[in-house]
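# Residue-level structure breakdown
For reference, the chains in residue letters:
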Amino acid sequence: MERLEIAVIEIRGKCPVFNLGDRIVIEGPSVKLDETDAICTHAFASLLPYIVALRKGIKPSELGLGRGEKAYVQCLDPGPPYTDGGTVIFEITVVRDEAEESVEDSEGGS
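My aim in this report is to walk through the structure given alongside it, one point at a time. Remember, it's a predicted structure, so these values are computed and weren't measured experimentally.

## A word on the pattern of salt bridges
Tallied over the full model, the rule gives 6 salt bridges. With a shortest N-O distance of 3.1 Å, R3 and E5 are connected by a salt bridge. With a relative accessible area of 14%, R3 lands in the buried category. Close ionic contact of E5 with R23 constitutes a salt bridge, the shortest N to O distance being 3.7 Å. Of the two residues, E5 sits in strand β1 (residues 3–13) while R23 sits in strand β2 (residues 23–27), which places them 18 residues apart along the sequence. What makes R23 partly exposed here is its relative accessible area of 28%. If you follow the salt bridges from partner to partner, you end up with R3, E5, R23, E27 and E35 in one network.

## Some details on the sheet that holds β2
Reading across from one edge, β3-β2-β1-β5-β4 is the order of the 5 strands in this open sheet, with antiparallel pairing throughout. Each end of this open sheet is capped by a strand with a single partner; those strands are β3 (30–31) and β4 (71–74). In this structure, β4 lies alongside strand β5 (residues 86–95), joined through 4 bridges in antiparallel fashion. Residue pairing across strands places V73 opposite F90, the latter belonging to β5.

## Structural notes on the pairing of β1
Bridge count between β1 and β2: 5 bridges; the pairing is antiparallel. Note that in β2 the partner of I6 across the bridge is I24. Here β1 pairs with β5 via 10 bridges, running antiparallel. Directly across from I6, in β5, lies its bridge partner I92.

## Details of the layout of surface pockets
Rolled over the atoms, a probe with the dimensions of a water molecule shows which regions are left empty. There is about 180 Å³ of room inside the largest pocket. Taken together, E2, L54, R55, K56, G57, I58, K59, P60, E69, T93, V94 and R96 make up the lining of the largest pocket. Tallied by class, the residues present in the lining of the largest pocket amount to 4 nonpolar, 2 polar and 6 charged.

Rules behind the numbers
Residues numbered from 1 in each chain as written. Predicted model: local features only at pLDDT ≥ 70, side-chain atom pairs only at ≥ 80, totals over all residues. Heavy atoms only, no water. Salt bridge = Lys/Arg side-chain N within 4 Å of Asp/Glu carboxyl O. Buried < 20%, exposed > 50% of the residue type's maximum accessible area, 1.4 Å probe, protein only. Helix = DSSP H or I, 4+ residues; strand = E, 2+ residues; numbered from the N terminus. Pairing = 2+ DSSP bridges. 1 Å grid on protein atoms, 1.4 Å probe; cavity = no way out; pocket = protein on both sides within 12 Å on 5 of 7 lines; lining within 4 Å. Points joined across faces, edges and corners; volume = space filled by probe spheres on them. Nonpolar A, V, L, I, M, F, W, Y, C, P; charged D, E, K, R; others polar.

The structure is reproduced here in C-alpha coordinates:
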(Lines give C-alpha, C1' and ligand atoms only; values in the text may rest on other atoms or scores of the structure.)
Protein backbone atom coordinates (compact mmCIF):
# COMPACT_ATOMS: atom_id res chain seq x y z
CA MET A 1 0.00 0.00 0.00
CA GLU A 2 1.35 3.42 -0.91
CA ARG A 3 2.17 5.75 1.93
CA LEU A 4 2.66 9.49 1.65
CA GLU A 5 4.68 11.44 4.15
CA ILE A 6 3.96 15.16 3.91
CA ALA A 7 6.33 17.46 5.79
CA VAL A 8 6.15 21.19 6.49
CA ILE A 9 9.42 22.57 5.12
CA GLU A 10 8.70 26.31 5.09
CA ILE A 11 6.21 28.76 6.55
CA ARG A 12 5.87 32.24 5.04
CA GLY A 13 4.03 34.54 7.41
CA LYS A 14 2.18 33.04 10.39
CA CYS A 15 0.37 29.73 10.36
CA PRO A 16 -1.99 29.08 13.28
CA VAL A 17 -1.96 25.32 12.64
CA PHE A 18 1.44 24.08 11.49
CA ASN A 19 4.99 24.33 12.80
CA LEU A 20 8.13 23.70 10.81
CA GLY A 21 8.78 19.96 10.62
CA ASP A 22 5.16 18.90 11.25
CA ARG A 23 4.00 15.86 9.29
CA ILE A 24 0.84 14.45 7.78
CA VAL A 25 0.96 10.72 7.05
CA ILE A 26 -1.43 9.11 4.58
CA GLU A 27 -1.65 5.38 4.05
CA GLY A 28 -4.04 4.16 1.40
CA PRO A 29 -7.16 6.30 1.71
CA SER A 30 -6.59 7.02 5.42
CA VAL A 31 -4.88 9.82 7.28
CA LYS A 32 -2.78 8.13 9.97
CA LEU A 33 -3.87 10.34 12.85
CA ASP A 34 -1.47 8.70 15.31
CA GLU A 35 1.47 9.74 13.08
CA THR A 36 0.10 13.13 12.00
CA ASP A 37 0.97 16.33 13.87
CA ALA A 38 -1.79 18.59 12.52
CA ILE A 39 -4.34 18.96 9.72
CA CYS A 40 -5.64 22.22 8.30
CA THR A 41 -8.63 22.38 5.95
CA HIS A 42 -7.03 25.13 3.84
CA ALA A 43 -3.84 23.14 3.38
CA PHE A 44 -5.65 19.84 2.83
CA ALA A 45 -7.60 21.46 -0.02
CA SER A 46 -4.26 22.13 -1.72
CA LEU A 47 -2.94 18.61 -1.11
CA LEU A 48 -6.03 16.57 -1.92
CA PRO A 49 -5.92 16.70 -5.75
CA TYR A 50 -2.41 15.21 -5.73
CA ILE A 51 -2.71 12.58 -3.00
CA VAL A 52 -4.35 9.90 -5.16
CA ALA A 53 -2.19 10.64 -8.21
CA LEU A 54 1.05 10.33 -6.24
CA ARG A 55 -0.18 7.18 -4.49
CA LYS A 56 -0.96 5.65 -7.89
CA GLY A 57 2.61 6.17 -9.07
CA ILE A 58 2.38 9.34 -11.13
CA LYS A 59 5.71 11.09 -10.77
CA PRO A 60 5.85 14.61 -9.28
CA SER A 61 7.48 15.90 -12.48
CA GLU A 62 4.52 14.63 -14.54
CA LEU A 63 2.22 16.70 -12.31
CA GLY A 64 4.49 19.76 -12.46
CA LEU A 65 5.16 19.48 -8.71
CA GLY A 66 8.88 18.76 -8.63
CA ARG A 67 11.94 17.74 -10.57
CA GLY A 68 12.85 14.61 -8.62
CA GLU A 69 11.06 12.03 -6.51
CA LYS A 70 9.55 14.58 -4.11
CA ALA A 71 6.52 16.75 -4.77
CA TYR A 72 6.04 20.29 -3.44
CA VAL A 73 2.66 21.89 -2.73
CA GLN A 74 1.72 25.19 -1.11
CA CYS A 75 -1.20 26.10 1.15
CA LEU A 76 -3.95 28.30 -0.33
CA ASP A 77 -3.50 31.15 2.19
CA PRO A 78 -1.31 33.79 0.49
CA GLY A 79 -0.31 35.48 3.77
CA PRO A 80 0.69 39.13 4.15
CA PRO A 81 -0.15 41.64 2.82
CA TYR A 82 -3.33 39.85 1.69
CA THR A 83 -4.24 37.94 4.87
CA ASP A 84 -3.11 37.83 8.48
CA GLY A 85 -2.09 34.19 8.06
CA GLY A 86 0.63 32.70 5.96
CA THR A 87 1.36 30.04 3.43
CA VAL A 88 2.98 26.71 4.16
CA ILE A 89 5.21 24.78 1.76
CA PHE A 90 4.86 20.99 1.96
CA GLU A 91 7.26 18.33 0.72
CA ILE A 92 5.52 15.08 -0.22
CA THR A 93 7.43 11.80 -0.27
CA VAL A 94 5.94 8.55 -1.56
CA VAL A 95 7.10 5.63 0.58
CA ARG A 96 6.60 2.23 -1.00
CA ASP A 97 5.77 -0.77 1.15
CA GLU A 98 8.82 -3.09 1.06
CA ALA A 99 6.64 -6.22 1.29
CA GLU A 100 4.60 -5.06 -1.69
CA GLU A 101 7.80 -4.30 -3.65
CA SER A 102 9.10 -7.86 -3.04
CA VAL A 103 5.82 -9.35 -4.30
CA GLU A 104 5.99 -7.17 -7.44
CA ASP A 105 9.66 -8.11 -7.99
CA SER A 106 8.94 -11.84 -7.63
CA GLU A 107 5.94 -11.61 -9.98
CA GLY A 108 7.96 -9.69 -12.55
CA GLY A 109 10.81 -12.22 -12.40
CA SER A 110 8.57 -15.25 -13.12
